[in-house]
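Structural characterization, general
Each chain is listed here by its residues.
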Amino acid sequence: MSRPDFDPATVPVKPAATVMLIRDTDADGIEVFMMRRTTKAAFAGGMYVFPGGAVDAEDSSYEIAAIRECFEEAGVLLACNETGSYLRFDDPDLAERFTRYRHDVHEGRCSMTRVLDDEGLIPSIDALQWVSHWVTPFGEIRRFDTRFFVTATPEEQEPLHDDKELDDSLWVTPSTALTRSRRGELLMLPPTTVNLQFLADHDSVASVLKSAGSIREPVRVLPKVRLKPDGTMDALLMPGDPGYDDLPDL
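What comes next concerns the included structure.

Thresholds applied
- Residues numbered from 1 in each chain as written.
- Predicted model: local features only at pLDDT ≥ 70, side-chain atom pairs only at ≥ 80, totals over all residues.
- Heavy atoms only, no water.
- Axes fitted to C-alpha atoms, helices over the stretch in contact; angles between N-to-C directions.
- Helix = DSSP H or I, 4+ residues; strand = E, 2+ residues; numbered from the N terminus.
- Parallel < 35°, antiparallel > 145°, perpendicular 65-115°, else oblique.
- Contact = heavy atoms within 4.5 Å.
- Nonpolar A, V, L, I, M, F, W, Y, C, P; charged D, E, K, R; others polar.
- Expected span 1.5 Å × (residues − 1).
- Buried < 20%, exposed > 50% of the residue type's maximum accessible area, 1.4 Å probe, protein only.
- Arc of directions from axis to C-beta.
- Polar contact = N/O pair within 3.5 Å; in protein donor to acceptor, adjacent residues only side chain to side chain.
- Phe/Tyr/Trp six-rings, centres within 6.5 Å; stacked < 30°, edge-to-face > 60°.
- Lys NZ or Arg CZ within 6 Å of the ring centre and 35° of its normal.

Considerations on the packing of helix α2 (residues 92-106) against helix α3 (residues 112-119)
Between α2 and α3, the shortest axis-to-axis distance is 9 Å and the interhelical angle comes to 155 degrees. Regarding the angle of α2 to α3, the classification is roughly antiparallel. Between α2 and α3, the residues in contact are Arg97, Phe98, Tyr101 and Val105 and Met112, Val115, Asp118 and Glu119, respectively. Looking at side-chain class alone, the contact of α2 with α3 contains 5 nonpolar, no polar and 3 charged residues.

This is the structure:
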């Protein structure tokens, strides 16, 4: 059914950032860390996603937002100390202190930049490779202009979903994730599957990062929704699909 009280033209397009955490394996090439959003989540409920979310007012850039969301949702801090090293969360005291920071940042009691400043840490902006750029289709209740980044997972840290907006997480090879998505075992949005395909074309973290570094500024992708006469969705069209150019750019 259509929603007569909903005016899609009033929905703002908010900036957002997402991080694909990848690692090498001994036998299967690379794995990527994915999490499932709860069915009650305001956006992408029940979907498997990468750590990410909207850019906050206190974030100074997409990259800082990516670092904050990765810390909040996965517990991985992409920031280095004065020696240029990532923190080791296998130190119980350090892990406990940064777990408190993680909760404070998530609950809005402290900003990510404040944590970095207080701890004398430098955000690892250069380690984030921007690989794709997606915009939520016109007509959705929530819309985001999202930059997808990829980075090697710090060996000293183990991702773990936050159990607030997320209820499951796993390490999975990109090809396995795509196969399970096609089977309906892992629900995903189109940007997720397209980015997984990018990863699936590589057999090592080094190969992914080399390819990502050559992209420089990704093409902005705006899917479009074709509606039925009653206002419900008929199809989601991607650039290049028949009929895509007949729909307005909004």
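Let's talk about α2
Helix length check: α2 (15 residues) gives 21 Å between terminal C-alpha atoms against 21 Å at 1.5 Å per residue, within 8%. Of the positions making up α2, those classed as buried are Leu94, Phe98, Tyr101, Arg102 and Val105. All buried residues of α2 fall inside an arc of 105 degrees around its axis, so they share one side. Exposed and oriented more than 90 degrees from the buried face of α2 are Pro92 and Asp93. Where α2 is buried, its residues meet α1 (62-74) and α3. Two or three places before Asp93, at the opening of α2, Asp91 has a side-chain oxygen 3.0 Å from that residue's backbone nitrogen. Downstream of α2 by one or two residues, Gly108 has phi in the positive range, about 80 degrees.

Remarks on the environment of Arg36
Secondary-structure assignment places Arg36 in strand β2 (residues 30-37). Beyond its immediate chain neighbours, meaning those up to four positions away, Arg36 contacts Gly46, Met47, Tyr48, Glu165, Leu166, Asp167 and Asp168. In terms of polar contacts, Arg36 uses its side chain to reach the side chain of Asp167, at 2.8 Å.

Describing the packing of aromatic side chains
Under the definition given, this model contains 3 aromatic pairs. Residues Phe98 and Tyr101 carry aromatic rings whose centres are separated by 5.1 Å and whose planes lie at 65 degrees to one another, so their mutual orientation is edge-to-face. With Phe98 and Tyr101 both in helix α2, this residue pair falls 3 residues apart, about one helical turn. Judged by relative accessible area, which is 16%, Tyr101 ranks as buried. Among the aromatic residues, those joined into a cluster by ring pairs are Phe89, Phe98 and Tyr101. The side chain of Arg147 reaches across the aromatic face of Trp130, ending 4.1 Å from its centre.

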